[in-house]
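Coordinate analysis (summary)
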Amino acid sequence: MMNNALMKSILVTALGVLLIAAGYADLDGYWDKPSTKSNHDWSALEKNMRPEACAQCHESQFNTWKLSRHSKAYSSGLIGQFPDMGHGQGNDCLRCHAPLDEQLYSGEPDMLKSLSILRKHPQGFDLNANLDSPEAKLPLRHSGVSCAVCHVRSGNRFGPPRKNDNTLGFIKTETHGGFTASKKFEQSGFCAECHQFPQRYAINGKPLENTVFEWQQSRFSKQGKQCQGCHMPDRQHTFKGIHDKDFTRQGLDIQVNKKHGLAQLKITSTNIGHAFPTYVTPKVLVSAVALGKRGEVLKTWRWEIVREVFYGNGWQEKQDTRLMPDESRRYVADNPPKASQSVRFDIKVVPDNFYKSVYQSLLDDDLQADAKVLIQRALDETHTNDYVLFSDVVKL
Ligand code: HEC
Ligand code: HEC
Ligand code: HEC
Ligand code: HEC
Ligand code: HEC
């Protein structure tokens with residue numbers, strides 16, 4: 001007699017085959033070994049998976065996507081780590097950074113060649129590439145979380161329903177054999193594949209990446225405001241986040257004032273659909289300085305908004321002072337020196353705080369030649385990403 005587990009596994013396999021035959025019935029199985037390979041009898045342009053090719057007809061999506069971090073997900077800081085890890089583990093990382101079958105490494109030489117290409121071509125796309133040549137200049141993996149990663153399976157296009165048209169399922173059009181419209185593109189679940197770790201990887205009850213869960217707990221999910229509502233306004237492919245000062249600023253209400261003779265700063269997360277910041281890599285520094293008559297600094301206060309983890313006897317959480325949606329926090333410059341005339345508050349954002357130390361410790365080791373150049377480049381970039389979010393003075 002067949003045991004239960006075997007029975008189940010056969011059932012699941014059979015179901016899987018049915019779904020694939022039906023063409024990803026509402027995106028089920030969409031992320032299982034995604035591949036764009038097909039034998040469609042289409043023009044070279046329609047078969048070309050490079051973002052530059054999509055740009056010929058979908059220019060506005062290309063022009064916003066190319067400025068987003070999705071277009072830079074095959075980054076120096078990512079692949080500079082691979083020679084140490086080997087191509088097998090590298091492929092595990094590509095599951096989110098460049099997941100299509102044809103983006104993965106076939107072996108060690110393929111991976112090492114890719115490092116030297118990235119060294120010469122820091123950007124993963126090139127609008128001047130000759131699209132008529134059999135091979136566009138750069139391999140598809142260099143375009144990272146590219147158009148085809150989200151929109152193409154077996155050559156076929158998948159997207160949201162047309163604007164002002166609720167037709168779902170397969171829609172025939174003149175180009176690339178039509179497309180399949182699914183509501184899933186308009187929902188947070190679409191982003192979960194790469195922006196949520198499973199609960200089994202939790203540290204102190206929370207996975208390192210917990211963005212979708214944080215959103216589910218928030219007012220935004222109850223109001224039906226999805227990730228796309230903030231990160232793809234009007235369907236634009238901007239995907240702005242903590243690296244963008246204006247975008248981050250509009251998510252917060254920040255007030256300074258004087259209460260009971262003390263200067264204070266109050267931050268409220270009003271328009272962020274998850275923790276501020278979501279994830280363990282950024283750090284937000286809040287500081288205050290008491291200033292004397294001639295502007296001299298009399299005293300300094302410092303606070304951190306961060307989820308800090310470290311490795312030692314397994315992963316451990318050191319602190320989690322992040323702001324959840326709708327949460328407020330007050331920072332009081334208490335016991336100022338008598339001569340203080342005013343207090344200045346500053347909020348500084350360090351989007352890649354965690355990576356700064358990762359890259360520095362990698363550089364302290366012996367690195368493969370291309371990897372060393374790439375990791376140094378990544379470290380330099382982390383510094384240029386820092387910015388001052390807010391600064392204001394309270395007279396005492
Ligand atoms: C030769 C022009 C052309 C090229 C090249 C092209 N497309 Fe399209 N695409 C179209 C047209 C036309 C439609 C149909 C629009 C409609 O009728 O609503 C379409 C529809 C789509 C849709 C569905 C839009 C929706 O409303 O959901 C997606 C997604 C899409 N294309 C993605 C891509 C991607 C990704 C590439 C590159 C790999 C690409 N296309 C290349 C012309 C093109
Ligand atoms: C990270 C995933 C992702 C990537 C990468 C991506 N898209 Fe999209 N795209 C989406 C989602 C999600 C929507 C639907 C957004 C919504 O409904 O709010 C969408 C919508 C679209 C539409 C329909 C737009 C409309 O106004 O109706 C087209 C066409 C499209 N994308 C083409 C592209 C092209 C071309 C690229 C590359 C330059 C690209 N996408 C990259 C996720 C992605
Ligand atoms: C295939 C995996 C994948 C999918 C699907 C995906 N993302 Fe991403 N996303 C990434 C990766 C990887 C990065 C980091 C890119 C980098 O900087 O290397 C990223 C970065 C981002 C950032 C920028 C964060 C910053 O630090 O500024 C935002 C915002 C974002 N994604 C939103 C979304 C939203 C919204 C969706 C769903 C519509 C989505 N993503 C779907 C993989 C994905
Ligand atoms: C589950 C999806 C996922 C996997 C798997 C993953 N990443 Fe990422 N990675 C992300 C997302 C999302 C971001 C952007 C996070 C943010 O800033 O909020 C990111 C950001 C990064 C960054 C900083 C931005 C950049 O591209 O320079 C590095 C470096 C990085 N990841 C390296 C790795 C390495 C190395 C691995 C494999 C050990 C890996 N990632 C596996 C999702 C993933
Ligand atoms: C109400 C608007 C809103 C919603 C809804 C929302 N976000 Fe964000 N998101 C923001 C703002 C503002 C920031 C920049 C501040 C920050 O990092 O917290 C941000 C930052 C991010 C970042 C970069 C964080 C980092 O630490 O590098 C990622 C990734 C991201 N969001 C993904 C998502 C995903 C996935 C969803 C859906 C589950 C989502 N967001 C829902 C507003 C929103």
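An account of the accompanying structure is given in this report. What you are looking at is a predicted structure, and each value in this text was computed from that prediction instead of being measured.

This part takes up the site of ligand 3. Taken together, 22 residues surround ligand 3, and among them His 70, Cys 191, Cys 194, His 195 and His 243 come closest. Contact between ligand 3 and His 70: a nitrogen atom at 2.8 Å from a side-chain N or O atom of the residue. Of all the elements in the fold, those that place two or more residues in the shell around ligand 3 are α7 (87-97), α10 (189-195) and α13 (227-231). No other element matches the four residues that α10 contributes to the shell around ligand 3. Here the shell around ligand 3 spans two domains, and each of domain 2 (31-154) and domain 3 (192-235) adds at least three residues to it.

Turning our attention to the coordination of the iron atom of ligand 3. Protein-derived coordination of the iron atom of ligand 3 comes from His 70 (NE2) and His 195 (NE2), at a distance range of 2.1 Å. For the iron atom of ligand 3, the six donor atoms in the first shell make angles of 86 to 179° at the metal, so the coordination geometry reads as octahedral. With His 70 in the loop between α4 (59-65) and α5 (76-79) and His 195 in helix α10, the pair connects residues that are 125 residues apart, well separated along the chain. You can call His 70 partly exposed: its relative accessible area is 22%. Exposure remark for His 195: the relative accessible area of 37% places this residue in the partly exposed category.

This paragraph deals with the site of ligand 2. In the vicinity of ligand 2, 20 residues are found, and the nearest of them are Cys 147, Cys 150, His 151, Arg 235 and His 237. In this structure, His 151 approaches ligand 2 through a side-chain N or O atom, which is 2.8 Å from a nitrogen atom. For ligand 2, a nitrogen atom lies 2.9 Å from a polar atom in the side chain of His 237. For the shell around ligand 2, the domains that each give at least three residues are domain 2 (31-154) and domain 3 (192-235).

The rules behind these values
- Residues numbered from 1 in each chain as written.
- Chains lettered and ligands numbered in written order.
- Predicted model: local features only at pLDDT ≥ 70, side-chain atom pairs only at ≥ 80, totals over all residues.
- Heavy atoms only, no water.
- Near = heavy atom within 4 Å.
- Polar contact = N/O pair within 3.5 Å; in protein donor to acceptor, adjacent residues only side chain to side chain.
- Helix = DSSP H or I, 4+ residues; strand = E, 2+ residues; numbered from the N terminus.
- Domains from an automatic or database assignment.
- Donors = N, O, S within 2.8 Å, 3.2 Å for Na, K, Ca; no water.
- Tetrahedral: all angles 85-135°; square planar, octahedral: opposite > 155°, others 65-115°.
- Buried < 20%, exposed > 50% of the residue type's maximum accessible area, 1.4 Å probe, protein only.

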